[in-house]
Each structure stands twice: as C-alpha cells, then as structure tokens.
Amino acid sequence: MAAYADTSSGPADRDDGSPLAAGITKKTLLLFIVGDILGGGIYARTGEVAGEIGGAIWTGFLIAAIVAAFTAASYAELVSKYPQAAGAALYIHKAFRSDLLTFVVAFAVMCSGLASAAALATAFGGDYLSQFVELPQILVGLIVIAVVTAINFRGIKESAGFNVVCTLIEIAGLFLVVVIGATFLFDGGGDPGAALEFNDDATPALLMVAGASIAFYALIGFEDAVNVAEETKDATKSFPRTLFTGLAIAGGVYLLVTIIAGMTVPANTLADSDGPLLEVVTQGPLAVNSKVFAAIALFALINGCLLNLIMASRLMYGMAREKVVPEVLGTVHRGRRTPWVAIAFTASIAAVLVVIGDLTTLADTTVLLLLVVFIGVHVALLKLRGERVDHEHFKAPTVLPYLGIITCAGLAVQSVTDDPKLVLWAGGLIVFGLILWFVERAVR
C-alpha cells in the first residue's frame, strides 16, 4: 500500500468533517463546468441537429440553452442551500423523504452520466480516431473507460487538472472552427443565408423543438458540477455565479460555432458525417489538416467521459453517506482520498453500456433520463422553499422552476416521440436499479 501514501490530492483535514479533499477552486470549477458542457456533444451531434433542422442549426442549440438556463437556476439555489455531494438525489431526498424515490432519482442521474460516458467513449472510436488508426469501436470504448477510471481514482485534484488541460484544448478546437469557417465565408465561400434555412418537412417551430431535443445533449454537464460541491472551496458562495458564468460561456460558444457551421457547410453534408466539425475546418484558405482537428476532438471526448464518471462516482458516494445505497459505496481510499468502490462500480456499468449500446441511443437515453430528473429537481425546489438553513444562499425567481418543468417535459415528449425505444432503454436501467434496491434490503 506504500504506493498510495501520497496525499497531494488535497488537505488532510476539513472543518466540516467531510473525508473528501476540498481541492476545487472557483477557477477550476469554472473550467470544470465549461469543460463538461463543451465536451464531446458539440463535436459529435452537430450533424444530427443539422439533419433535423437544416442550416439554422443554431436555433436548436438556442432553445436547448434556454431550457438548460431554467434548470441551472434551480440547481444554483439548491446547491448553495445544500452544498453537499449527491446533487439531484439529495434535493429529492430532502423534499420528499422517500428512500425509494431518492434511490430512483440517484440511479437515474448516475445512469445518465454512465450512458453519456459510454456514448463519448464509443464516439472516441469513430471517425475522429479513424484519422489515425482503424480499431474495433467497442475495444476502444473499453480502453477509454479504463483510462479515465484510473485518472478518477488517482484524485479529484489530478482529475480537475486533466480537465483543465483538455478544456483548453477543446476550446481551442472550437476557436479553430469559428476562425476557419469565418475566413472561408469572408473569402466568398459558403452560404450565409443558410443560417436561416429550415428543412421543408415540418414547420420551423416543430423543427427547432425536435433539434433542441438532440442539441440538449451538448448542453448537459452543468448539473454534474453540483456532485463535487463537497470538494469545492466555499461552495455556498462560489457555485451560483460560477454555474451561470460557465453555462453562458458554453452557450455563447455553441451559438457561434453552429452559426458558422451552418453557413460554411451544407446541412446534408454535416448530417452525413460522424465528425461534422471536420467538414468545417477543412474549408477555405486557413484549412487545417484533418488529423490536427481530430486529435483535438479526441481530447474533448475523453474529457467529457472523465467528467461524467467523476459525477457518477461522487453521486454514489454521497448516497452511500446518506444510507440510501449500500454503505460500502461510500468507502474512501485512505491514500488517495477518493471513493474507490463507487468509482469501480460505476466504471463497470459504463463498460457494459459500451458493449451493448450505440452512440445515438446512449446519447438520447442520457437526455431523456436527465430531463425527467430535472423536472423532479424543479418540483423539489418549490417544495423546499419553506425550509430555512443557517447561511445565506442564492434564490432563483419563482417563475423559473415552473418554466423549467414545462420546457423539460416538452423536450422529453419530443425525444420519446422521435424514438419510442428510449423508454425501454431508460426504463430498463431504472428497473436494474430497483432490482439492486430490493436485493440489498432483502439481505440486510
């Protein structure tokens, strides 16, 4: 065990009694949020949104960003009021005091993160990696899961540091998309009018909602950050503003990228590509080698995978401390001070999803699970409004959780309408969780 004697992951003691290391600063948290949102979603799903909407890709991302902002407001109030690990499950538990309901929400959030991690690990082995080498996609996905699990186990400080590096790289990649695309347009290429064009198979409003249900996958990630609140310095004060700042930065980048992409490359070309942004950066006088951009995209994908696995493992740890899931999941490694049992458990499920799922199904299952959870978070916020705490905290305008409920429900219905089998995927994961729930209580 001497190999794990290093305690550089964080300080040895904390005033609040938490065994986790408070190694995340405000700046690191901002990069955590931006990095999670700007993960593989924009690199992998822009083409699908283009296929649904047409050249006006940005409209789907705009609607998705607005829905995300409504939900972020509820999370900002709740995390500043209850700055602990476990996120949505903790809020549901405090609001309804139902162990079963709390477990269902906790497992849904965990599964959303694991489905997303599996989707990104699967995407890692697709067109971007094929610029360098052709390997079986499932094998690549399993290797990615193993690598990020090792980083997660190493420590939150190390994981956050890796995230900082990857975030800067993926931001640089999106900057390249904007600069190269804009230069191509100013040079007379592309079609600026395409940014306002919609497919003719439905009304623009319906197309935008359908596109938003796909684009929403690229906006998720802000909710992951609340699960590391216990590892963040001065979370009560730093979280709300940092959360909104991160969402605003990511949303602004997405709008700029998708406007440029829609004008630079025909929508059908984007829709036919598994690496849609590659189509943009190979245009015009500033075009770059496709391998350069593919490498950047791979960093974005692995970063998103890591952050999702961090979220899932911390959620399981938090629920174990609340005694909602088996307490063994709350075991913290004495040397690394990370919840190693929860890390191993969640990584195992992600590996199974890599084997049985595909990119589109895993990504859409992630969205459906989170939309249902977000509705629960808004309801919990309204129910907890009367509960006082002994410190000041952020308070969202009352209208926002109501708007959040309506918009999240609308996107969830749209997702199921587009692909009814998502109900089976999401429901199957929840049923698996319920089986674990009842088995654990039967053997107590």
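Since the structure is predicted, the reported quantities are computational estimates derived from the model, not experimental observations. (Residues numbered from 1 in each chain as written. Predicted model: local features only at pLDDT ≥ 70, side-chain atom pairs only at ≥ 80, totals over all residues. Heavy atoms only, no water.)

Describe the overall build of the protein chain, listing the residues and the values that go with them.
What the protein chain contains, in helices and strands, is 16 helices and 0 strands. Its C-alpha radius of gyration of 21 Å places the protein chain within 12% of the 22 Å reference for a compact globule of 444 residues. Based on the C-alpha atoms only, the size of the protein chain along its principal axes is roughly 65 × 50 × 40 Å. Taking contacts inside the protein chain between residues at least 6 apart in sequence as the whole, the part at least 24 apart equals 84%. (Helix = DSSP H or I, 4+ residues; strand = E, 2+ residues; numbered from the N terminus. Rg over C-alpha atoms; globule rule 2.2 N^0.38 Å. Contact = heavy atoms within 4.5 Å.)

Outline the nonpolar core, supporting the account with residue identities and numerical values.
Counting 141 residues, the largest nonpolar core has Tyr43, Tyr75, Tyr128, Phe216 and Phe222 as its most contacted members. Examining the composition of this core, we find that 19 residues originate from one element, helix H12 (residues 290-321), more than from any other. Among residues more than four places away in sequence, those in contact with Tyr128 are Tyr43, Asp274, Gly275, Pro276, Leu277, Leu278, Phe293, Ala294, Ala297, Leu298 and Leu301. (Core = buried A, V, L, I, M, F, W, Y, C linked by side-chain atoms within 4.5 Å. Buried < 20%, exposed > 50% of the residue type's maximum accessible area, 1.4 Å probe, protein only.)

Can you tell me about the pattern of salt bridges, naming the residues and giving the values?
Applying the stated criterion to the full structure yields 4 salt bridges. When the shortest N-O distance is used, the salt bridge between Arg45 and Asp364 registers 2.9 Å. One end of the pair, Arg45, is in helix H2 (residues 40-53); the other, Asp364, is in helix H14 (residues 359-384), with 319 residues separating them in the sequence. On the basis of relative accessible area, Asp364 is assigned to the buried category, the value being 14%. One salt-bridge network, held together by shared partners, links Arg45, Glu48 and Asp364. (Salt bridge = Lys/Arg side-chain N within 4 Å of Asp/Glu carboxyl O.)

Which residues make up a nonpolar patch on the surface, and what values do they have?
A contiguous nonpolar surface patch, about 410 Å² in accessible area, is contributed by Ile138, Leu142, Val352, Val355 and Ile356. Contributions of two or more residues to the nonpolar patch are made by helix H6 (137-154) and helix H13 (340-356). It is H13 that contributes the most residues to the nonpolar patch, 3 residues altogether. For Val355, a relative accessible area of 43% translates into the label partly exposed. (Patch = residues over 30% accessible without salt bridge, like charges linked within 9 Å, V, L, I, M, F, W, Y side chains within 5 Å. Areas by Shrake-Rupley, 256 points an atom, 1.4 Å probe, with all protein chains shown as cover.)

With reference to specific residues and values, describe the packing of helix H1 (residues 26-37) against H12.
Running from amino to carboxyl end, H1 crosses H12 at an angle of 115°, the nearest separation of the two axes being 8 Å. When you trace H1 past H12, the crossing you get is left-handed. Contact residues: H1 offers Phe32, Gly35 and Asp36, while H12 offers Asn303, Leu307 and Asn308. Considered class by class, the residues forming the contact of H1 with H12 number 2 nonpolar, 3 polar and 1 charged. (Axes fitted to C-alpha atoms, helices over the stretch in contact; angles between N-to-C directions. Left-handed = near helix turned anticlockwise from the far one by under 90°. Nonpolar A, V, L, I, M, F, W, Y, C, P; charged D, E, K, R; others polar.)

I'd like a description of the side chain of Thr366, backed by residues and values.
Of note, Thr366 is situated in helix H14. Here the side chain of Thr366 touches Ser116 through a polar contact of 3.1 Å, landing on its backbone nitrogen. Engagement of the side chain of Thr366 in a polar contact is seen with the backbone oxygen of Leu362, the distance being 2.8 Å. Leave out the neighbours within four places in its chain, and Thr366 touches Ser112, Ala115, Ser116, Tyr217 and Ile220. (Polar contact = N/O pair within 3.5 Å; in protein donor to acceptor, adjacent residues only side chain to side chain.)

A description of unusual backbone geometry should follow, citing residues and the corresponding values.
Of note, Arg97 is a non-glycine position whose phi angle comes to about 50°, a positive value. On the basis of relative accessible area, Arg97 is assigned to the exposed category, the value being 55%.

Can you explain helix H16 (residues 421-442)? Please cite residues and give values.
An ideal rise of 1.5 Å per residue puts 32 Å on 22 residues; H16 measures up with 31 Å between its terminal C-alpha atoms. Among all positions in H16, only Leu422, Ala426, Leu429, Ile430, Gly433, Trp437 and Glu440 are buried. Mapping the buried residues of H16 onto a view down its axis gives an arc of 90°, with all of them on the same face. Turned more than 90 degrees away from the buried face of H16 sit Leu424, Phe438 and Ala442, all of them exposed. Looking at the buried residues of H16, the elements they touch are helix H5 (99-124), H13, H14 and helix H15 (399-418). (Expected span 1.5 Å × (residues − 1). Arc of directions from axis to C-beta.)

How would you summarise the confidence of the model for the protein chain if you had to cite specific residues and measurements?
Mean pLDDT over the protein chain stands at 86; residues scoring 70 or higher make up 91%. Looking across the protein chain, the model is least confident in H1, with a mean pLDDT of 78, and most confident in H15, with 95. Note that residues 1-14 has pLDDT below 50 and, in this model, 30 contacts with residues that lie over four places away or in other chains. (pLDDT = per-residue confidence, 0-100.)

With reference to specific residues and values, describe the environment of Arg388.
Mapped onto the elements of the fold, Arg388 is located in the loop between H14 and H15. When the C-alpha atoms of Arg388 and Lys81 are compared, they prove to be 8.8 Å apart, with 307 residues separating the residues in sequence.

Before we move on, could you go through the side chain of Lys94 and cite the residues and values that matter?
Position of Lys94 among the secondary structure elements: in helix H4 (residues 88-96). Although Lys94 is buried, it makes no salt bridge; Glu387 carries the closest opposite charge, 5.2 Å away. Those residues within four positions of Lys94 in sequence are excluded, and the remaining contacts are Tyr82, Gln84 and Leu384. (Lys, Arg positive; Asp, Glu negative; His and termini not counted.)

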